[in-house]
2 protein chains.
Amino acid sequence: MKIENNIVKDSYPSSEKVYVNGNLHPIRVGMRKINLTDTVRIIDGKRIVTHNAPVYVYDTSGAFTDPDVEVNIEKGLQRIREQWILQRGDVEQIPDITSEYGQARRNDKTLDSIRFKNTHKPYRAKEGRAITQMYYARQGIITAEMEYVAIRENMMNEQQGIASHITPEFVRSEIAAGRAIIPANINHPEAEPMIIGRNFLVKLNTNIGNSALSSGIAEEVEKAVWSCHWGGDTLMDLSTGNHIHETREWIIRNSPVPVGTVPIYQALEKVNGKVEQLTWEVYRDTLIEQCEQGVDYFTIHAGVLRAHANLVGERLTGIVSRGGSIMTKWCVIHNQESFLYTHFDEICEILSQYDVAVSLGDGMRPGSIHDANDRAQFLELDVLGKLTQKAWAHNVQVIIEGPGHVPLHKIDENMQRQLSTCHEAPFYTLGPLTTDIAPGYDHITSAIGAARIAWLGTAMICYVTPKEHLGLPNREDVRAGVIAYKIAAHAADIAKGHPGAQLRDDAMSKARYEFRWKDQFNLSLDPERALEYYKLGGEYDGNYCTMCGPNFCAMRLSQDIVKDCDKKNQ
Amino acid sequence: MKIENNIVKDSYPSSEKVYVNGNLHPIRVGMRKINLTDTVRIIDGKRIVTHNAPVYVYDTSGAFTDPDVEVNIEKGLQRIREQWILQRGDVEQIPDITSEYGQARRNDKTLDSIRFKNTHKPYRAKEGRAITQMYYARQGIITAEMEYVAIRENMMNEQQGIASHITPEFVRSEIAAGRAIIPANINHPEAEPMIIGRNFLVKLNTNIGNSALSSGIAEEVEKAVWSCHWGGDTLMDLSTGNHIHETREWIIRNSPVPVGTVPIYQALEKVNGKVEQLTWEVYRDTLIEQCEQGVDYFTIHAGVLRAHANLVGERLTGIVSRGGSIMTKWCVIHNQESFLYTHFDEICEILSQYDVAVSLGDGMRPGSIHDANDRAQFLELDVLGKLTQKAWAHNVQVIIEGPGHVPLHKIDENMQRQLSTCHEAPFYTLGPLTTDIAPGYDHITSAIGAARIAWLGTAMICYVTPKEHLGLPNREDVRAGVIAYKIAAHAADIAKGHPGAQLRDDAMSKARYEFRWKDQFNLSLDPERALEYYKLGGEYDGNYCTMCGPNFCAMRLSQDIVKDCDKKNQ
């Protein structure tokens, strides 16, 4: 199979890839530098030129936007973290994959044509060694990953000379306290470290993945790279169709951001979609298979209890979490507690050997305004709080998933309860959607809720695309979803008073006021789209635009006013 | 000129236009009835059919969606309010238009080809009579307009049997207190009455209009009707190019919603764009011209003072209000107070003769995150508070315009100050945009802010389209802007606890849970778009969609769970 790297066009003109070196570790942190043009003013007939400092922005696109790196999708990305991991001396490369299913897929010749070939043998913790970022943090160790994210998060402050609390030591202390995580499976050394926690920049996750009815591997890989390109911080592969294993391999090997999955989806495929046939053994092997491939975090719906099944009938829209509905059905059929709950300690033991984080799934998230903040939802949240402490006992990093559909006035309660019930583990919500009546526009209904809940402290927001409730997103839907969520995350960063967050807004507004059109486009979240719209009105570089025309440009008049006032005040 | 009524396609399938009669007045209030299909369940082999009640929704589209009315754009809409107005016996038809400019345009033969021909002679208050809705309300009179909006606002409660506070008497009392307005120029009898106030449904305004660089009359009329069709509650014609007078006539005669303008734009055109040549006389004639045409509310930037001009230089983006920058420049050039401020009483006298409402413009609204909530903005707000009381002394209805660009954490202060400073006159804001960095997506950056401020009590939100900052919106941009703002307004209505607001959400979610796909589309804000996206995944009516495929449909699994639980609990 041939997959072209045709993702990166000239999406970010006037931008350069730059790297900042670490002080504690031999690391290079990539960021994007947006070069601006000069401000030129004519004052009393003299041409006054002022330099505008470049703006450095957080960059999730990885090597795909580095002209010095030739990315070959068939080889996968450079394994930047491999040496950091090996130097810690606490992991070993195992001679072969241990997942039975993984072995079977590997040995199946019929899959050769769609297989990613440049694989490596997996790493695992040495017997008796703890290797998670949480473990290191608790030991007082600042890892390369921690320094990496400190540089990344602090970049906007640095350029303004703002002294920030975000130091490598602060990163360590937040991870030690469970208030933040760095999802970083040792088998995904291609990923650039990033941090999820409410004292850092708000992050956004994108969901991709095929279903039984659509979309092939090439398309999913393209969506993955595309999602990172526009600003996705993490990526969940929610594939439920054919070739889940092979699709995921291609995605992980080419993903510069952490990759998450919901392992129960694949476990269910392995038993041909028959929920009653799911077993702990099938699930366990699936976890190991995915740990060895390099998945960075698993959504696990371990808070779904048998007793909660009776609450489903009270709801307008039942259970809308796929994992939640699968596990609830399993509990009812077998009339026993879910194996995710009963085996949770064993799950954590497995995850800890690869430093896979757990994202405790909200199987009972409300799927409608009507069901928001109901009993089923909050009873599950209580269980997630208890599981958080269990995971932490194994040094496993934890985030907590949240809803869903919630009207604006009920969002605050979600955040407050999550903080207190789940001991400040980072909250990771899907939207929430603030109304049910706008299918086709749910990136907007949910960006409104996401901005609110992120402002209140949610650490990561999971995007929703315009196709939500209607079908699988395509490339353009991914772009629309990512940009809507970049907006929500950034609006929240500003509202939270994140130091330096407003720098880019100020640079944009200054460019706007000075009619530096190109700078305005280049500073945008989506320069291509801004330029495209501008050109529709006729392309030129005048001191006004088609919106107001020459006589009605308020900004031009403002400049006249300032000049006039200056003269009169002299 | 021939303008086709090609606006209305089958955008709202399964919908009917229905009318509810008044009790106090001979009025018919149009609304849209969405018919739903039955719920069919198979229980123990038996087919159980349950009826789903139709959902009645607020309808801004006027006669354009009534199959019994043939709309002829060249004739204009039916003058539904004319008899109500005449029966009050306090207005008279004047023999000719009195605006000099209006007369000149009328007599200019070269304009015949673009002129709307089916004009009527204008009405005006009889000498010494007060005719505004505010005047009537203060006298304890419940007008036909007041009963009309009470029926319109209360419709969602009625169908749920919710006893609501929204009665004709409540409408009257809110208008008398200045907390709500019904913009209803006696010369725009085609408009269906609507109310703007924070104890009613949140409304949205759309801006259309050409600039010197673009777009003709036919296109603007089409955008106007299109805007009402998707849900715009009011419409501002912000034209600044050629033929402002003629364009407006076409728009008003075909607009089922109130029309607003910013008269200073046209006044400036009359002096060839030369700010220094603006005079009270030119402005006054423009007011009369537009009062006689039927404009329902005027944005008047009378709060811009000479003293505030010196604050412009402190800002990152100066003045971004066109009207604000024009008037500030005028003040500076002439070094005197603005004629809008000095002649404000005379302005109110004119407006009161036609019941034109005043929308006190925020000439100093911030145009960037940086400038939000600054001195210039709040000093002007104080002036607007004083002007509100002046207008009320003339029985002129008032709304107050607000920003602009405001980060999430600074929105609350805007609402609080507006309420206290402006004596609870309705607030009408443009967005606000919560970040500056997303040109091309400002319908989203601003829908986030609009939902927040509307939740806090803003009565009407002015839409922003994806083209904001880049160019004039086209038809599809108008649709995108309106839907984004319908979402924000509805999210706020739910959050405010508006009785009945959640009815449509619940009907939608029930349809979703029961796989009644067509009902789901028909209940959407934009059924066409929802259906279009759904079809991309392959059209069928199964018990699942392309998003999850058959084995992973949480809602189908939920239904199994409920059945299983019911059996086990028996």
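Shown above is the structure to which this text applies.
Small disclaimer: the values here were computed from a predicted structure and weren't measured.

**Q** Give me the interface of chain B and chain A: which residues, what numbers.
**A** At the junction of the two partners, chain B supplies 110 residues and chain A supplies 112 residues. Of the roughly 9,200 Å² buried at the junction of chain B and chain A (both faces included), carbon and sulfur atoms supply 70%. One salt bridge connects Asp560 of chain A with Lys329 of chain B, and the closest N-O pair in it is separated by 3.0 Å. Summed over the shared surface of chain B and chain A, the result is 16 residue pairs in polar contact (both at pLDDT 80 or more). Broken down by element, the side of chain B that touches chain A gets its largest block of residues, eleven residues, from helix α20 (residues 554-569) of chain B.

**Q** Give me the sheet that holds strand β17 (residues 460-462) of chain A: which residues, what numbers.
**A** Residue and element names in this part refer to chain A. Overall, parallel pairing links the eight strands, which are arranged β10-β11-β12-β13-β14-β15-β16-β17 in a closed barrel. The average undirected angle you get between the axes of adjacent strands in this sheet is 25°. Strand contacts of helix α13 (residues 375-393): β14 (357-360) and β15 (398-402), with the helix running at about 165° to β15, the strand carrying the most contacts.

**Q** Outline the relation of the copies chain B and chain A, listing residues and values.
**A** Screw-axis analysis of chain B against chain A gives a translation of 0.0 Å along the axis, an RMSD of 0.0 Å, and a rotation angle of 180°. Between the two chains, the operation in question is that of a two-fold axis. Rotation axis and chain B: the residue whose C-alpha lies nearest the axis is Ile448 of chain B, separated from it by 2.4 Å. When you check the interface residues of chain B against chain A, 100% turn up at the interface there too, and the contact is symmetric in its surfaces.

**Q** Go over the pairing of strand β3 (residues 39-43) of chain A, please, and point to the residues and values.
**A** All names here are of chain A. Pairing of β3 with strand β4 (residues 46-50) involves five bridges; the strand directions are antiparallel. Each bridged residue has a counterpart across the sheet, and for Thr39 the counterpart in β4 is Thr50. Here β3 folds back onto β4 in antiparallel fashion, the turn holding two residues, of which Asp44 has a positive phi close to 50°.

**Q** Describe in detail the nonpolar core, supporting the description with residues and values.
**A** Core analysis: the largest hydrophobic core is formed by 328 residues, its most contacted members being Tyr283, Leu351 and Ile461 of chain A together with Tyr283, Leu351 and Ile461 of chain B. The residues touching Ile461 of chain A, leaving out its near neighbours within four places in the chain, are Val202, Lys203, Leu204, Asn205, Thr429, Gly431, Ala450, Ile453, Ala454, Tyr485, Ala488 and Ala489 of chain A.

**Q** How would you explain the packing of aromatic side chains if you had to name every residue and give the values?
**A** All names here are of chain A. Under the criterion given, the structure shown has 24 aromatic pairs over all chains. Aromatic pair Tyr12 and Trp230: ring centres 5.9 Å apart, planes at 65°, arrangement edge-to-face. In this pair, Tyr12 sits in the segment before β1 (15-21) while Trp230 sits in helix α6 (residues 217-230), placing the two residues 218 residues apart along the sequence. One exposure class covers both Tyr12 and Trp230, and it is buried. Each member of the aromatic cluster is reached from another via a ring pair, and the members are Trp280, Tyr283, Trp330 and Phe339. Positioned above the aromatic ring of Tyr101 is the side chain of Lys270, whose terminal nitrogen or guanidinium carbon lies 4.0 Å from the ring centre.

**Q** Tell me what's going on with the environment of Tyr533 of chain B, and back it up with residues and numbers.
**A** Mapped onto the elements, Tyr533 of chain B comes out in helix α19 (residues 527-536). Dropping the residues within four chain positions of it, Tyr533 of chain B is found in contact with Gly440, Pro466, Lys467 and Leu470 of chain A.

**Q** Which residues make up the pattern of salt bridges, and what values go with them?
**A** Taken as a whole and assessed by the stated rule, the structure comprises 74 salt bridges over all chains. We note a salt bridge from Glu192 of chain B to Arg152 of chain B, for which the minimum N-O separation is 3.7 Å. Linking Glu192 of chain B in the loop between β8 (180-181) and β9 (196-197) with Arg152 of chain B in helix α4 (residues 144-158), this pair joins segments that are 40 residues apart in sequence. Judged by relative accessible area, Glu192 of chain B falls into the buried class, the value being 11%. Members of the salt-bridge network, linked through shared partners, are Arg79, Glu82, Glu190, Glu249 and Arg253 of chain A.

**Q** Quick one: what's the story with the side chain of Ser325 of chain B, residue by residue and with numbers?
**A** Positionally, Ser325 of chain B belongs in helix α10 (residues 322-334). Overall, Ser325 of chain B belongs to the buried group, its relative accessible area being 0%. Ignoring any residue separated from it by four or fewer positions in sequence, one finds Ser325 of chain B in contact with Ala554, Leu557 and Ile561 of chain A together with Ile319 of chain B.

**Q** Tell me about the environment of Gly324 of chain A, and name the residues and values.
**A** Residues and elements named next belong to chain A. With respect to the helices and strands, Gly324 occurs in helix α10 (residues 322-334). For the pair Gly324 and Gly303, spaced 21 residues apart in the sequence, the C-alpha separation amounts to 8.8 Å. Setting aside its immediate chain neighbours within four residues, Gly324 contacts His301, Val304, Ile319 and Gly363.

Rules of the game
Residue positions are given per chain, counted from 1 along the sequence in the order it is written. The naming scheme follows written order: chains are lettered A onward, ligands numbered 1 onward. The model is predicted, so local features are restricted to residues of pLDDT at least 70 and side-chain atom pairs to those at 80 or more, both for listing and for counting; the totals for chains, interfaces and linings are taken over all residues. Excluding hydrogens and water, the side-chain values take into account all heavy atoms of the structure. The criterion used for residue contact is that any of the two residues' heavy atoms lie within 4.5 Å. Two parts placed together each lose some accessible area; with a 1.4 Å probe, that loss summed over both constitutes the buried area. By definition, a salt bridge exists where a carboxyl oxygen of Asp or Glu is found within 4 Å of a side-chain nitrogen of Lys or Arg. Distance and chemistry together define a polar contact, namely a pair of N or O atoms within 3.5 Å, with one atom able to donate a hydrogen and the other to accept it when in protein, and with adjacent residues in sequence counting only for side-chain atoms on both sides. Each helix corresponds to a stretch of at least 4 residues labelled H or I by DSSP, and each strand to a stretch of at least 2 residues labelled E; elements are numbered beginning at the N terminus. Strand pairing follows a simple DSSP-based rule, namely that at least 2 bridges must link the two strands. Between the N-to-C directions of two axes lies an angle of 0 to 180 degrees, each axis being a line fitted to C-alpha atoms and, for a helix, fitted only over the stretch in contact. Alignment of copies: least-squares fit on C-alpha atoms of residues with pLDDT of at least 70 in both copies. Note on terminology: a nonpolar core comprises buried Ala, Val, Leu, Ile, Met, Phe, Trp, Tyr and Cys residues joined through side-chain atoms within 4.5 Å. Working definition: with a 1.4 Å probe on protein chains only, accessible area under 20% of the residue-type maximum means buried, over 50% means exposed, and in between means partly exposed. Pairing of aromatic rings covers Phe, Tyr and Trp, the last counted by its six-membered ring, and requires centre-to-centre distances within 6.5 Å; plane angles under 30 degrees mean stacked, over 60 mean edge-to-face, and any other angle means tilted. Counted as over-ring charges are cases with an Arg CZ or a Lys NZ within 6 Å of the ring centre that also lie within 35 degrees of the ring normal.

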